[in-house]
Amino acid sequence: MEFTDTHSHLYDEAFTGEEDQAVGRAVEAGVTKIIFPDIDAETRDRMFALAERHTGTVFPCLGLHPTSVNADWKKELEDMENYLDRDIRAIGEIGMDLYWSKEFQKEQQEAFRQQIRLAARLDLPVIIHSREATKPILDILKEEKSLGNRGVFHAFSGSLETFHELQELGDWHVGIGGVVTFKKASIAETVKSIPLSRILLETDSPYLTPAPHRGTRNESSYIPLIARKIAELKGCSLEEVAQATTENAHNLFQI
Ligand code: NI
């Protein structure tokens, strides 16, 4: 059985000195492909260096994370352009995060808009980070619908209604991670009604660690725990979840 982790930051400081082992443990657990969403200029070189050591397993992306959007955001986007000749598989992670701070809300909106335009120009999917920002994100996607963007809402925690709204907007998947294993997580109920053809597995390592490892560092090798929970919720086999989500990931990211 093979899995893909569509959202992992194994290049994060939390893994300093054992990044390669973490990739190795994932492959051993059947997680044979891993997508690395980008954060900002500070972590970018580290991300590409680790990805290059695991070509064919790890696939990097390019994007300015919404919590890294500040007064310097235009300079950050210019810096990104130096990496456009790399083998990137998506623009991300991009979006809006109004949970941590609303200080740069306007800048977040503008940076998001510019980056979905970049994705359309490059014909790449996007990885969206949306936290306390469903409405402003959907508004921008509606205004820019003619771009024909496709991609994934990472760490999806929205309602079934939001999921349906996304389907009307285009070819959108939802990323399901460790939260689905938490007791009383509303996404567990929602997942029952989301077709497997729209679901991608993700860890968001080192964050959002699934049960029974909550409270410790998350890593890509935990993907089967998330897949098993989804199988249980949907009343299907683990193999079915593995096969469908792997196929979804391979089609979306061309991996
Ligand atoms: Ni992330």
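Quick note: structure is the one above.
Please read these numbers as outputs of a predicted model, since none were measured by experiment.

Here the focus is the overall build of the protein. The helix and strand inventory of the protein stands at nine helices and eight strands. Here the protein has a C-alpha radius of gyration of 17 Å; the compact-globule value for 255 residues is 18 Å, and the two agree. By its C-alpha atoms, the protein is 45 × 40 × 30 Å across when sized along the principal axes. In the protein, the 28 positive side-chain charges and the 42 negative ones have mean positions that sit 4 Å from each other.

On the protein side, the nickel ion has His 7 (NE2), His 9 (NE2), Glu 93 (OE) and Asp 204 (OD) as donor atoms, found 2.0 to 2.7 Å from it. Angles of 87 to 174° at the metal separate the four donor atoms of the nickel ion, which places the site in the irregular class. Counting the intervening residues between successive donors of the nickel ion yields the motif H-x1-H-x83-E-x110-D. Taken as a pair, His 9 in the loop between β1 (3-5) and α1 (19-28) and Glu 93 in strand β4 (residues 91-97) lie far apart in primary sequence, 84 residues in all.

A cluster of nonpolar side chains, namely Val 179, Tyr 207 and Leu 208, defines an oily patch on the protein surface of about 240 Å² accessible area. Position of Val 179 relative to the elements: it lies in the loop between β7 (172-176) and α7 (186-191).

The rules behind the values
- Residues numbered from 1 in each chain as written.
- Predicted model: local features only at pLDDT ≥ 70, side-chain atom pairs only at ≥ 80, totals over all residues.
- Heavy atoms only, no water.
- Helix = DSSP H or I, 4+ residues; strand = E, 2+ residues; numbered from the N terminus.
- Rg over C-alpha atoms; globule rule 2.2 N^0.38 Å.
- Lys, Arg positive; Asp, Glu negative; His and termini not counted.
- Charge placed at Lys NZ, Arg CZ, Asp CG, Glu CD.
- Donors = N, O, S within 2.8 Å, 3.2 Å for Na, K, Ca; no water.
- Tetrahedral: all angles 85-135°; square planar, octahedral: opposite > 155°, others 65-115°.
- Patch = residues over 30% accessible without salt bridge, like charges linked within 9 Å, V, L, I, M, F, W, Y side chains within 5 Å.
- Areas by Shrake-Rupley, 256 points an atom, 1.4 Å probe, with all protein chains shown as cover.
- Salt bridge = Lys/Arg side-chain N within 4 Å of Asp/Glu carboxyl O.

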